[in-house]
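Structural overview for review
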Amino acid sequence: MRVLVTGGCGFIGHHLVKRWTAARPADTLLVLDLLTYAGDASRLPAHAGLVVGDVADPSAVRAAFDRLGGVDMLIHLAAESHVDRSIIDPSRFVRTNVLGTQVLLDVARECGVERFLHISTDEVYGSIGLGAATEAAPFRPGSPYAASKAAGDLLVQAAHNTWQLPTVVARPANTFGTGQFPEKLLPVLARAAVGRASLPLYGDGLHQRDWLAVEDLCDALSLLADRAQAGSVWNIPGGGARTNRSVAEAICRVAGVSTTQIASVCDRPGHDRRYAMDGSALRALGFEAKRSLDDALPALLAEAQGSEST
Ligand SMILES: NC(=O)c1ccc[n+]([C@@H]2O[C@H](COP(=O)([O-])OP(=O)(O)OC[C@H]3O[C@@H](n4cnc5c(N)ncnc54)[C@H](O)[C@@H]3O)[C@@H](O)[C@H]2O)c1
């Protein structure tokens, strides 16, 4: 199979590429990535090809299709992904996450693909007061990032409805693992803990996030690539919602620092309070998240320690 992965040099993308190439050595895999601040080509396995280009540029996308001699499986991860940056510069998010997604859909339609696996997010549902959002829940995105991802998600669904493009949409929860860009919550807290600095928490720290291991996410995406029906949409929840404060406290415990090091900082404007998704559809397909955030903390702290000493 010829597989094109956009954003394969990012956090989730490089894990997916490594696991995919190890599990499916007969496939030819190519990454299309602009190598923004969040992309690092050095972590791709040697046998994965790379086209450096912008998903919002049709000629770059066509060049990637041509290089593979056609695409059977397109896995679309490329995005501007940091909420705080979307508050400073929303237009960049619209270009990459909305226009970039449409350009990929256009070229996929023009050239033909067997599957277009689009990676959306739980943030499209916005803050969930009680219970958990099913795949049919309305979109109430709370940040420019989430709004741009919601628009991309809807364009993918529209491409299936209008042209029967064989799309599948995955909506993962907050993902943890090594190799995440240091601006995101877990590396920020881990670096602060190993550096014996204060651990910054937005507002009262009682915002709740559902944490999903990047390895579990890759397994779920692999399952969806093989088994999901064209036009389907899937939540990929993690181990259940917990507060950011409880995550910071767990990091303190594992790092051996006092929880008095946790310091409240000015909250993010419009900060969503709680994300929670219903995962029964994916469970029925045979997927259950296996890894816990607590078990991963030693590796995240070791990585933070490594970057501290370099
Ligand atoms: N990390 C999470 O917790 C999480 C949760 C749910 C969904 N997602 C989604 O998963 C996907 C990957 O997230 P991530 O955390 O790995 O992001 P990331 O920011 O770590 O990586 C994004 C990658 O996309 C590339 N990129 C950015 N703009 C591009 C463009 N215009 N053209 C081509 N490449 C471009 C970057 O160079 C980088 O390699 C995103 O679509 C994100 O919205 C992430």
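Cut-offs applied
- Residues numbered from 1 in each chain as written.
- Predicted model: local features only at pLDDT ≥ 70, side-chain atom pairs only at ≥ 80, totals over all residues.
- Pairing = 2+ DSSP bridges.
- Helix = DSSP H or I, 4+ residues; strand = E, 2+ residues; numbered from the N terminus.
- Axes fitted to C-alpha atoms, helices over the stretch in contact; angles between N-to-C directions.
- Near = placed C-beta within 6 Å.
- Nonpolar A, V, L, I, M, F, W, Y, C, P; charged D, E, K, R; others polar.
- Expected span 1.5 Å × (residues − 1).
- Buried ≥ 20, exposed ≤ 12 C-beta atoms within 10 Å, placed from the backbone.
- Arc of directions from axis to C-beta.
- Domains from an automatic or database assignment.
- Contact = placed C-beta atoms within 7 Å.
- Parallel < 35°, antiparallel > 145°, perpendicular 65-115°, else oblique.
- Left-handed = near helix turned anticlockwise from the far one by under 90°.

On to the sheet that holds strand β7 (residues 174-176). The strand order across the open sheet formed by three strands is β7-β9-β11, and the pairing between neighbours is mixed. With one partner strand each, in any of the chains shown, β7 and β11 (241-243) form the two edges of the open sheet. The mean inter-strand angle of the sheet, taken between neighbouring strand axes irrespective of direction, is 55°. As defined by bridge partners, strand β9 (residues 208-213) adjoins β11 across three bridges and the pair is classed as antiparallel. Pairing of Asp210 across the sheet is with Ala241, part of β11.

Moving on: the site of the ligand. Inspection of the region around the ligand gives 30 residues, with Gly7, Gly10, Ala38, Gly39 and Ala79 positioned closest. Counting only elements with at least two residues in the shell around the ligand, the list comes to α1 (11-23), α4 (90-111) and β7. Here the shell around the ligand gets three residues from one element, more than from any other, and that element is α1. Its residues assigned to classes, the shell around the ligand comprises 14 nonpolar, twelve polar and four charged.

Glancing now at helix α8 (residues 244-255). Between its terminal C-alpha atoms α8 stretches 16 Å, which fits the 16 Å expected from twelve residues at 1.5 Å a residue. The complete set of buried residues in α8 reads Asn244, Val247, Ala248, Ile251 and Ala255. Mapping the buried residues of α8 onto a view down its axis gives an arc of 100°, with all of them on the same face. Positive backbone phi, approximately 75°, marks Gly256, located one or two places after α8.

Below, the discussion takes up unusual backbone geometry. Although it is not a glycine, Gln164 adopts a positive phi angle of roughly 60°. With respect to the element layout, Gln164 can be found in the loop between α5 (144-163) and β6 (167-172). Under the C-beta neighbour-count criterion, Gln164 is labelled exposed, with 11 such atoms within 10 Å. Notably, Arg196 is not glycine yet its phi reads approximately 55°, a positive angle. Among the structural elements, Arg196 can be located in the loop between α6 (185-194) and β8 (199-202).

Let's shift gears to the domain arrangement of the protein. In terms of domains, the protein is made up of domain 1 (2-175 + 213-236) and domain 2 (177-209 + 240-276 + 291-302). Between domain 1 and domain 2, the C-alpha centre-to-centre distance is 26 Å. Each side of the interface is counted separately: domain 1 has 25 residues, and domain 2 has 17 residues. Secondary structure elements with two or more residues in the side of domain 1 that touches domain 2: α1, α3 (83-88), β7 and α7 (214-227). Looking at the side of domain 1 that touches domain 2, its residues break down into ten nonpolar, nine polar and six charged.

Quick look at the sheet that holds strand β3 (residues 49-52) now. With parallel pairing, the seven strands of this open sheet are ordered in space as β3-β2-β1-β4-β5-β6-β10. Because the sheet does not close on itself, it has two edges, and the strands there are β3 and β10 (232-236). Recorded for the sheet is a direction-independent mean angle of 20° between the axes of neighbouring strands. Note: β6 against β10, five bridges, orientation parallel. Considered in β10, the bridge of Pro172 is made with Ile236.

Quick look at the packing of α4 against α5 now. The interhelical angle for the contact between α4 and α5, taken along N-to-C directions, is 15°, at an axis separation of 8 Å. Taken together, α4 and α5 sit at an angle that is classed as roughly parallel. Note that α4 runs across α5; the crossing there is right-handed. Of α5, the residues touching α4 (which contributes Pro90, Phe93, Val94, Asn97, Val98, Thr101, Gln102, Leu105 and Arg109) are Pro144, Tyr145, Ser148, Lys149, Ala151, Gly152, Leu155, Val156, Ala159 and Trp163. Considered class by class, the residues forming the contact of α4 with α5 number twelve nonpolar, five polar and two charged.

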